[in-house]
Each structure stands twice: as structure tokens, then as C-alpha cells.
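Overview (structure and organization)
What follows is each chain in one-letter form.
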There are 2 protein chains.
Amino acid sequence: MILEKYLSQKGQFLENNVDLSAGTIAWGLKAKKLVKENPDFINATIGTATEDDGKLMVLPTLYDELQQLTGDQLLAYANMRGQHAFVQAWNRDTLESYPAELRKKTEELSTLPVTACGGLTGGLMLTSQVFFDLGDKLLAPNSRWGNVDNVFFKNQQLHEVPYKLVDQNGNLSLSDLIDNLQSLEKTEKKIGIYLNFPNNPSGISPTLDQVKELQETLETITVPTVLLLDDAYENYCYEDNIVNHSIFPYLVGLNDNVLAVKIDGASKRYCAYGARLGTMTVGFGLEKDENEKSEIRELMVKSARTNSSSAPRGIQEALTNVLVDEKKKTNIQKEKARNLSILSRRYKLIKKLGEETESNILKPVKFNSGFFGYYLIKNQQSATEISSKLLEKGLGTVPFVNISNGLNGIRVAYCSIREEKIEQAIDLLYSQI
Amino acid sequence: MILEKYLSQKGQFLENNVDLSAGTIAWGLKAKKLVKENPDFINATIGTATEDDGKLMVLPTLYDELQQLTGDQLLAYANMRGQHAFVQAWNRDTLESYPAELRKKTEELSTLPVTACGGLTGGLMLTSQVFFDLGDKLLAPNSRWGNVDNVFFKNQQLHEVPYKLVDQNGNLSLSDLIDNLQSLEKTEKKIGIYLNFPNNPSGISPTLDQVKELQETLETITVPTVLLLDDAYENYCYEDNIVNHSIFPYLVGLNDNVLAVKIDGASKRYCAYGARLGTMTVGFGLEKDENEKSEIRELMVKSARTNSSSAPRGIQEALTNVLVDEKKKTNIQKEKARNLSILSRRYKLIKKLGEETESNILKPVKFNSGFFGYYLIKNQQSATEISSKLLEKGLGTVPFVNISNGLNGIRVAYCSIREEKIEQAIDLLYSQI
């Protein structure tokens with residue numbers, strides 16, 4: 001770096017450790033280029049849900065609402081806490097995504113949300129700085145998306161303690177997390193855990209029994225433990241035997257040593273990726289009075305205010321208008337259900353094809369939710385090399401390799417392949433190995 | 001704080017040191033409430049330009065363009081560097097805001113912009129973390145807006161070295177900055193300088209001679225010096241004898257020890273405050289080749305990527321469409337000129353009234369640009385108390401008090417008072433003292 005003399009330690013660290021040419025975005029760019037050259041190219045790199053014609057899956061009710069905002073609604077500053085009506089509406093929307101019997105308890109045990117500029121990533125960042133210092137230990141799954149590393153381990157320079165979320169048979173397991181947690185409990189003064197369900201890249205979500213296992217461990221934990229829930233893909237679930245909503249309600253009210261922060265946003269919940277609106281909701285281990293709740297919520301606002309002032313306004317106004325109007329709300333729910341059923345069909349097909357295809361080398365994990373299928377490589381080949389070869393053969397995928405954890409696999413984003421192309425995509429995938 | 005055991009050092013520091021009930025936003029909320037109760041109340045707290053009817057000043061060409069975006073343009077993720085066409089168009093737009101003879105040199109000596117999620121604040125934050133470590137010294141003017149403290153001195157915990165930008169006679173002076181710079185040069189390994197013209201809150205901009213004084217000092221500086229230019233209000237200038245554009249072109253090409261980062265955005269330049277789009281452009285002291293420029297630009301992208309992933313998409317698309325279309329560009333320039341002339345009329349009136357009004361206590365600074373008039377208090381009364389009394393009398397203002405620098409004054413946002421109310425506002429202001 002020619003300008004080394006000007007850089008901070010963090011600037012130098014980012015320069016040396018962040019690789020912008022790796023990861024989803026870079027593989028997406030490669031695929032995008034190839035699509036232009038070859039219309040038959042299948043681009044399964046894109047982590048956003050698209051229609052069969054390749055256009056972004058948009059919720060028409062939200063889109064129409066955005067088109068009708070006044071200048072003030074679209075372009076004035078938003079409240080630094082989030083527009084008041086938006087925060088209320090979003091909170092209700094979130095609570096309604098839980099089973100009815102969990103709502104009241106969860107509401108009592110948590111703050112109102114605070115908006116985060118920068119979407120889910122912004123929410124992770126703003127939460128991280130409030131709770132973790134450089135070098136603090138954060139338990140992070142072997143299966144995770146690239147910006148988890150960028151935010152926590154490169155920008156914030158937390159100390160990674162890996163846990164195996166996906167085992168070599170492709171099953172989700174929380175036992176390694178629990179083991180690690182119990183051993184950190186003996187040595188640490190504070191513990192952080194990053195949880196992301198449905199998981200990116202593995203497309204995997206836990207069963208209620210698995211969540212209960214984690215609950216039991218947390219109930220008796222004796223060290224302050226902060227849970228960061230990355231709920232980007234919440235509610236995109238396709239199987240009956242899994243928890244089909246955020247696990248946040250199961251992680252509040254456990255123990256006064258456990259604080260859970262739910263980080264979600266409009267990106268996937270309302271197909272508004274580029275709007276950059278996230279929210280952060282803090283959940284408690286024991287009931288708090290309104291003053292105490294407000295105090296911790298204000299601290300989250302301080303984090304947001306000192307980083308990015310306030311979040312984008314227009315998307316808040318449009319979502320509020322939709323969520324407080326019964327008719328519009330019904331419409332957008334129908335639109336979401338329609339999108340979910342398209343994704344569910346793609347999921348069922350890609351799942352079936354993977355299970356039917358014999359291979360000594362590729363093993364699909366037991367994905368059951370989210371936007372992706374994930375295929376472990378059982379021999380010594382590198383996922384990166386395979387993804388490179390697949391590009392040449394006409395299929396864009398993203399390799400997710402975590403050397404420290406032995407995770408080596410390929411992500412196929414069925415959220416952005418049309419149903420009739422899925423068989424061809426799977427043929428290409430397996431033929432390459 | 002009930003949850004102290006969970007907090008990071010930064011979380012604890014933010015909790016103890018950030019006061020969300022102070023500052024522009026809090027005074028704005030008080031005034032907003034009073035406007036509802038009393039339609040004659042004059043709210044001069046709002047730091048956004050408004051029409052005479054109180055609505056946000058919006059540029060119709062941009063607004064129309066936003067209404068016409070497709071779902072993909074509005075809601076898909078943006079490129080993490082900024083949409084390619086946007087970055088090009090914004091760069092051209094910025095260069096064209098300089099006098100013709102400065103453009104080529106400035107372009108050669110700087111990178112392309114990188115988008116910053118979170119508007120100007122986001123840009124300050126993303127730049128700060130690249131160049132400054134906790135405890136590094138940053139020269140900051142006595143006259144500055146609240147989030148400068150929040151970002152640099154609270155979130156980033158830099159060490160403030162104050163300089164007197166506005167003297168007790170209300171004149172802009174760079175001599176204290178220059179003196180401080182020269183003494184830091186003897187003791188420090190790196191120096192940071194925050195510069196903000198037109199200045200918030202004082203509404204003051206330098207003459208070319210004043211900028212030349214600073215140039216001369218920087219030309220011979222022997223210690224790496226990073227200049228952070230907060231160009232939020234660039235080009236809102238109402239006098240002939242001042243530099244009526246960003247001073248960035250005067251700060252590049254001086255010396256290989258000087259790096260200048262221009263931080264600007266759509267918030268004020270295109271009246272799109274709530275869109276949260278900032279940009280960062282790095283300028284060099286000596287010419288760099290394209291690889292070197294790209295290397296430093298990529299580092300700014302790493303800073304953005306690890307904090308907020310990418311910036312909002314829709315505003316980038318809409319601005320690009322406007323700026324690359326000659327007809328739309330002409331239209332928006334006319335709309336900007338119309339707004340500037342409204343602000344200029346308000347400026348001239350409030351300036352004249354302040355100069356005509358005798359007072360042993362209030363002294364308007366020599367404001368000449370931006371959105372605000374700023375009035376120093378010459379006796380021992382506190383600006384905060386006076387602003388509180390003014391609220392009761394029917395005028396909303398924001399006190400800006402900097403105890404460490406002896407700055408004690410009141411900001412009157414004429415950007416958001418209609419012309420016919422200005423006389424009444426000034427009457428109220430002076431009658432209270």
C-alpha cells in the first residue's frame with residue numbers, strides 16, 4: 001500500500017485482510033458477465049429472489065406505495081430511532097410472524113426495534129460495537145456468509161471461536177456450539193454467539209428440539225452471553241419439522257445472563273435489498289421495566305447515530321403505509337405467499353434431484369429453508385476450483401470454503417434460477433465433479 | 001446502565017458520552033411540537049431547505065425520476081463501490097462544480113468516488129476508521145455540528161485538538177488552525193484535520209486568500225496529514241468574495257505528505273437527505289498512477305463493505321438517469337438555481353436585519369453561505385438558556401455551545417423559514433436578549 005503512512009491500524013488491517021475479489025459479489029460479477037455472452041448460462045450466484053424472467057421478485061404493493069410517497073416522505077431525514085409509526089408497525093409485523101402463544105412474552109421481554117442504516121450488515125455492525133471489544137470471543141458457525149467475517153473478524157477484529165453448525169453428513173447440529181459454549185464459560189468473562197437461521201449459505205434451519213437443547217444450555221449459563229441473531233431469511237421455510245420463524249422468542253426470558261439481539265430488515269422480508277434498512281431489537285433474560293428497556297434501546301440509537309445518523313426514510317414510510325392498512329397488508333401477505341410458493345417449488349425440485357443423484361463426491365446438506373442449496377465436497381477437491389470449472393460449463397455458483405473448519409462446499413442459489421432450469425443446473429453441477 | 005456487564009468499552013463510552021437529547025434533532029423535536037400547538041410559531045431549527053409552505057424543497061426532476069424506477073433499479077442491491085454509471089456521473093458532476101481551470105488537475109490527482117451508506121455521516125465514519133486510531137489527534141473547529149463530535153470523538157474516540165475557526169468578532173480565520181498545525185507538526189507522527197465549508201452551524205466560508213494561506217502551510221508540512229473535507233453544503237454560497245465551491249481542488253497536489261478526502265453526498269446537493277447516500281473521494285499530494293489510485297479506492301470500498309455492505313440503490317439510479325441526460329440535467333440545474341435564489345433572498349434579508357439591529361449582546365458572525373445564520377452571545381448568558389426562552393416566545397433555534405473553545409451562540413436556520421417570516425424571527429431573536 002503506497003499510502004501506508006496515512007493509515008490507521010484498522011485501515012492497514014482491512015487493506016491486508018479483506019478480499020473484495022472473493023465472496024458472493026465477486027462470483028456474481030463473473031457469472032453476470034458470462035450471462036451476457038451466453039444466454040443459456042445459468043446464474044445461481046445471486047442471493048436475491050428473482051422471478052422466472054430474471055427480474056427481481058418485487059412485492060407490487062410495496063413498489064406501488066414507494067411510487068406514491070410525497071417529497072417529504074421520500075427525501076426528508078428520518079427519525080434517528082426510526083420513524084415512530086414504522087417502528088411500531090415493524091414490531092407488530094415481527095410479533096405476528098411468531099406463533100400466537102409466543103407473542104406476548106416476547107413483546108414483554110424485548111425493546112422496540114431501532115433502525116439500522118446499511119441493512120442487515122449495518123445492524124450487525126451497530127450491534128457488534130455496543131457489545132464487543134477487539135479480541136472478544138465470538139462463536140461463529142463454520143457455515144456463514146462472507147460479510148460475517150468482514151464485519152466481526154476484520155472490521156471489529158473479534159476473536160473467532162468456530163463451531164460446527166453443519167456436520168460432514170450435511171446435518172445441522174448445535175452440539176458443537178453447546179460444547180464450545182460450555183468450555184468458554186469456564187474461561188471467559190463474556191461470550192458472544194452469532195446465530196443465523198435460515199443459514200446462509202447452507203439453507204438450513206433447526207428443529208424445535210434442537211433449539212430446546214440450546215435453550216437448556218443457556219438457561220444455566222453463568223457468564224454474560226450476547227446472542228446476535230441474523231434473521232435475514234426468517235420465515236422462508238419449506239418443511240414442517242423445523243422452526244419456521246425467528247428463534248428469538250425462544251432465546252428471551254431464559255436467564256439474566258443472556259441478552260439476545262434480533263437483527264432483521266426489509267432486505268429479504270420485503271424484497272427491498274437495495275433500500276438498506278435493517279432493525280435491531282434487544283431481548284432480555286428477565287423482565288425489565290419500561291425505563292430499563294428504554295435505556296438499552298437508547299444505547300442502540302447512540303450506536304446508530306454515531307455511525308450513520310439515521311436510516312433511509314422512504315422505505316420506512318412505504319412499509320408503514322402498507323402495514324397499517326388492512327387491505328394493503330392482506331395484499332402484501334398474498335404477494336409474499338405467492339413468492340414463497342415459487343421458492344418452495346424450486347426448493348422441492350432441487351432437493352429431490354440432489355437426493356436422487358448418486359455421487360461419491362457431492363453431498364447436499366439437509367437444507368430446508370432460506371434461498372440456497374449447499375453441496376459439500378467429500379473428496380479433496382477445492383470448492384473454489386469446482387466453481388471455476390462450473391463457470392466455464394455454464395453454471396454460476398459460489399464456493400464457500402472455511403479452511404479452519406474443514407467446510408468445503410458449493411452454494412446454489414435456487415432463489416434466482418427459474419424452475420425449468422433447475423434440472424439442467426443440477427446436471428451441470430454433478431457432471432462436473 | 002442495567003446491562004453494563006454485557007457492554008464493550010465503546011458501548012459503555014457511548015452510553016456515558018452521547019447525549020441524544022442535545023443537538024439539532026432534539027431542539028427540532030421541541031420546535032415541531034410547538035408548531036402543532038401554535039401555527040404562528042417560527043421553526044428555525046430545521047437543517048433542511050424548505051419551501052415557503054413548509055414542505056421540503058425537492059428537485060422535481062429527481063423526484064419524478066425516483067417515481068419511474070423499475071423494481072430492480074429501486075430494490076436490488078447496489079454495487080459495493082457504487083453503481084458504476086453513478087460513480088462516473090457523480091464524479092463528472094463534482095468536477096463541473098469547480099472552476100474550469102481546476103478540473104483537469106483535480107481529476108488527475110484524485111480517485112473516483114466510492115459510495116457511503118449513511119450519507120455524509122456515513123462518509124465521515126468510513127473515512128475515519130481507515131485513517132485514524134483511537135487517541136489520534138484530529139484538529140476540529142470550534143464551530144461544528146453535533147455529529148462531528150459523535151463520530152470522531154465519541155464513536156472513534158479520537159483526541160480533539162480544537163482550532164478557532166470563528167473568532168470573537170464573528171470573522172472566519174484559519175490562523176489558529178495553521179498555528180495548531182505547525183505545533184502538532186513538531187510532536188506528532190500523523191495529523192488529522194476536519195474542515196467543513198460552508199460551515200455548520202456558522203454558515204461561513206473562506207475567501208480564496210484564506211485558502212491560500214492554508215495551502216502554503218500544507219505545502220511544506222513534513223508529517224503525514226489527512227484532511228477530511230465535509231462538503232455537505234458545497235455550492236450554497238451567496239457572496240462573490242468567497243470560494244463558492246468545495247476547496248478540495250486547492251488541497252490536492254500540494255505535497256506528498258497531504259492526503260485530502262472529499263466527503264459529500266446527495267443529502268444537500270440534491271435535496272435528498274433521507275436517501276442516505278454519501279460519497280468519498282481521495283485526493284493526492286503528488287500524481288499517482290491508475291494502479292495506485294485504484295488501490296487506495298479499493299481500501300475505501302473495504303471500509304464501506306465491512307460496515308454496511310453497499311449504499312442505497314434507487315437514489316443512485318435516479319441521479320444517474322438525470323445526470324447523463326442533457327435535458328434532465330439542464331432541468332435539475334434550473335431547479336437548483338431556483339432554490340439557491342430563494343435561499344439567497346432569505347440570506348440577504350436576515351443578514352441585513354442582523355447588521356441593522358443594534359445589540360450589545362448578540363453579534364451575527366460574518367455568515368456568507370450554507371443554510372444558517374449564527375449569532376454569538378457577547379455576555380455571560382448561555383445560548384442554551386436563550387434558545388429555551390426563545391422557544392416559549394415563538395421561535396425555534398438551536399444553541400451551539402462549545403465550552404472548551406468559548407464559542408457560545410445560536411443557530412437560525414433560514415433555509416427553513418419563509419422570507420416573510422424572517423423579520424419576525426429576527427425581532428424575536430433580538431427582543432429576547
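Treat the numbers as computed from the prediction; the structure is a model and nothing was measured. For every chain, the first residue of the written sequence is number 1, and numbering continues from 1 along that sequence. Chain letters and ligand numbers both follow the written order, the letters beginning at A and the numbers at 1. Residues qualify for local features only when their pLDDT is at least 70, as the model is predicted, and side-chain atom pairs are given and counted only at 80 or more; totals for whole chains, interfaces and linings, by contrast, use all residues. Water and hydrogen atoms play no part in the side-chain values, which are based on all heavy atoms of the structure.

Let us now look at the overall build of chain A. Helix and strand content of chain A: 17 helices and 13 strands. The quantity called the radius of gyration is restricted to C-alpha atoms. Its globule counterpart is 2.2 Å times the number of residues to the power 0.38. Its C-alpha atoms give chain A a radius of gyration of 21 Å, within 12% of the compact-globule value 22 Å for 433 residues. Projected onto its principal axes, the C-alpha positions of chain A cover 60 × 55 × 55 Å. Contacts: residue pairs with any heavy atoms within 4.5 Å of one another. Taking contacts inside chain A between residues at least 6 apart in sequence as the whole, the part at least 24 apart equals 77%. Exposure was quantified through the Shrake-Rupley algorithm and a 1.4 Å probe, taking into account, for residues, occlusion by the shown protein chains and nothing else. Roughly 15,500 Å² of accessible area belongs to chain A as shown, and the carbon and sulfur atoms make up 46% of that amount. For chain A, the distance from the average site of its 49 positive side-chain charges to the average site of its 55 negative ones is 4 Å. By the criteria applied, helices consist of DSSP H or I runs no shorter than four residues and strands consist of E runs no shorter than two, each listed in order from the N terminus. Residues scored as positive are Lys and Arg, those scored as negative are Asp and Glu, and His as well as the terminal groups of each chain are ignored. A charge is said to be at NZ when it belongs to Lys, at CZ for Arg, at CG for Asp and at CD for Glu.

A word on helix α13 (residues 290-308) of chain A. Residue and element names in this part refer to chain A. Each helix should span, by expectation, one fewer than its residue count multiplied by 1.5 Å. Helix length check: α13 (19 residues) gives 26 Å between terminal C-alpha atoms against 27 Å at 1.5 Å per residue, within 8%. Its side-chain oxygen 3.0 Å from the backbone nitrogen of Asn-291, Asp-289 forms the N-cap of α13. Among the residues trailing α13, Ser-309 stands out with phi positive, at a value near 65°. Any N or O atom pair separated by 3.5 Å or less is treated as a polar contact, with the protein-specific requirement of one donor-capable and one acceptor-capable atom, and with residues adjacent in sequence counted only for side-chain atom pairs.

This part takes up the pattern of salt bridges. Salt bridges are defined by distance alone: a side-chain nitrogen of Lys or Arg within 4 Å of a carboxyl oxygen of Asp or Glu. Following the criterion strictly, the structure yields 46 salt bridges over all chains and no others. Notably, a salt bridge pairs Lys328(A) with Glu65(A), separated by 3.2 Å at the nearest N-O pair. With Lys328(A) in helix α15 (residues 326-356) and Glu65(A) in helix α3 (residues 60-67), the pair connects residues that are 263 residues apart, well separated along the chain. Using a 1.4 Å probe on the protein chains alone, a residue whose accessible area is under 20% of its type maximum counts as buried, one over 50% counts as exposed, and one in between counts as partly exposed. What makes Lys328(A) partly exposed here is its relative accessible area of 26%. For Glu65(A), a relative accessible area of 7% gives the class buried. A salt bridge links Glu160(B) to Arg144(B); the shortest N-O distance between them is 2.9 Å. Here Arg144(B) lies in the loop between β3 (137-141) and α8 (146-155) and Glu160(B) lies in strand β4 (residues 159-163), a separation of 16 residues in the sequence. In this structure Glu160(B) comes out as partly exposed when scored by relative accessible area, which is 25%.

The subject of this paragraph is the interface of chain A and chain B. Taken together, the contact between chain A and chain B spans 81 residues of the former and 81 residues of the latter. By buried area we mean the combined loss of accessible area, with a 1.4 Å probe, across both parts when two parts are placed together. Roughly 7,200 Å² is buried in total at the junction of chain A and chain B, and carbon and sulfur atoms are behind 59% of that figure. The largest contributions to the chain A side of the interface with chain B come from Tyr6(A), Leu20(A) and Leu75(A), which together make up 12% of the buried area. As a salt-bridge pair, Lys302(B) and Glu15(A) come within 3.8 Å of each other at their nearest N and O atoms.

We now examine the pairing of strand β13 (residues 407-412) of chain B. All names here are of chain B. Taking burial as the measure, the six residues of β13 include six buried ones, the bulk of the element. The alternating pattern of β13 places Leu-407, Gly-409 and Arg-411 and Asn-408, Ile-410 and Val-412 on opposite faces, both of which are buried. In this analysis, strands are considered paired if DSSP registers two or more bridges between them. For strand β10 (residues 373-377) and β13, the ladder comprises four bridges, and the chain directions are antiparallel. The partner of Tyr-375 across the bridge, within β13, is Ile-410. Where strand β12 (residues 398-402) meets β13, five bridges bridge the pair, whose relative direction is antiparallel. Looking across to β13, one finds that Val-401 is bridged to Asn-408. Hairpin connection between β12 and β13: a loop of four residues separates the two successive antiparallel strands, and Gly-406 in this loop has a positive phi of roughly 70°.

As a further point, take the domain arrangement of chain A. All names here are of chain A. Once the domains are mapped, chain A shows domain 1 (4-59 + 330-431) and domain 2 (70-326). The start and end points of each domain follow an automatic or database-based domain assignment. Here the C-alpha centroids of domain 1 and domain 2 sit 24 Å apart. Contacts between the two partners involve 39 residues from domain 1 and, on the opposite side, 43 residues from domain 2. When domain 1 packs against domain 2, close to 3,300 Å² is buried across both sides, 59% of that on carbon and sulfur atoms. Per-residue buried area on domain 1 facing domain 2 is highest for Asn-368, Ser-369 and Asn-405; these three make up 16% of the total on that side. Here domain 1 is connected to domain 2 by zero salt bridges.

Another aspect to go through is the packing of helix α3 (residues 60-67) of chain B against helix α14 (residues 314-323) of chain B. Residue and element names in this part refer to chain B. Working convention: axes come from line fits to C-alpha atoms, limited for helices to the stretch in contact. Angles between N-to-C directions cover 0 to 180 degrees. Their axes nearest at 9 Å, the elements α3 and α14 cross at an angle of 120°. Here α3 is positioned oblique relative to α14, judged by the angle of their axes. As for how α3 packs across α14, the hand of that crossing is right-handed. Contact residues: Thr-61, Leu-62, Glu-65 and Leu-66 in α3; Gly-314, Ile-315, Ala-318, Leu-319, Asn-321 and Val-322 in α14. Asp, Glu, Lys and Arg are counted as charged, while Ala, Val, Leu, Ile, Met, Phe, Trp, Tyr, Cys and Pro are counted as nonpolar; the rest, among them Gly, fall into the polar class. When the residues that make up the contact of α3 with α14 are grouped by side-chain class, the tally is six nonpolar, three polar and one charged. For classification, angles of less than 35 degrees are called roughly parallel, those exceeding 145 degrees roughly antiparallel, those between 65 and 115 degrees roughly perpendicular, and all remaining angles oblique. Crossings are classed by handedness, with left-handed meaning an anticlockwise turn of the near helix from the far one by less than a right angle and right-handed meaning a clockwise turn.

Geometry of aromatic contacts follows a simple scheme: Phe, Tyr and Trp rings, the Trp one being its six-membered ring, pair when their centres are within 6.5 Å, and the pair is stacked under 30 degrees between planes, edge-to-face over 60, tilted otherwise. Inspection of every chain in the model, using the stated rule, returns 32 aromatic pairs over all chains. Measuring from ring centre to ring centre gives 5.7 Å for Tyr233(B) and Phe372(B), while their planes differ by 70°; the resulting arrangement is edge-to-face. You can see Tyr233(B) sitting in the loop between β6 (225-230) and α11 (248-251) and its partner Phe372(B) sitting in the loop between β9 (362-364) and β10, a full 139 residues away along the chain. The exposure class assigned to Tyr233(B) is buried, which follows from its relative accessible area of 5%. The class for Phe372(B) is buried, based on a relative accessible area of 1%. For the pair Tyr347(B) and Phe367(B), a centre-to-centre distance of 6.0 Å together with 75° between the ring planes defines the contact as edge-to-face. Taken together, the positions of Tyr347(B) in helix α15 (residues 326-356) and Phe367(B) in the loop between β9 and β10 put the pair 20 residues apart, joining distant regions of the chain. Here Tyr347(B) and Phe367(B) have matching classes, each one buried. Chaining the aromatic ring pairs together yields one cluster made of Tyr238(A), Tyr347(A), Phe367(A), Tyr375(A), Tyr414(A) and Tyr430(A). Here, a charge over a ring is recorded when the distance from Lys NZ or Arg CZ to the ring centre is within 6 Å and its angle to the ring normal is within 35 degrees. Taking the ring centre of Trp90(A) as reference, the NZ or CZ of Arg269(A) above it sits at 3.9 Å.

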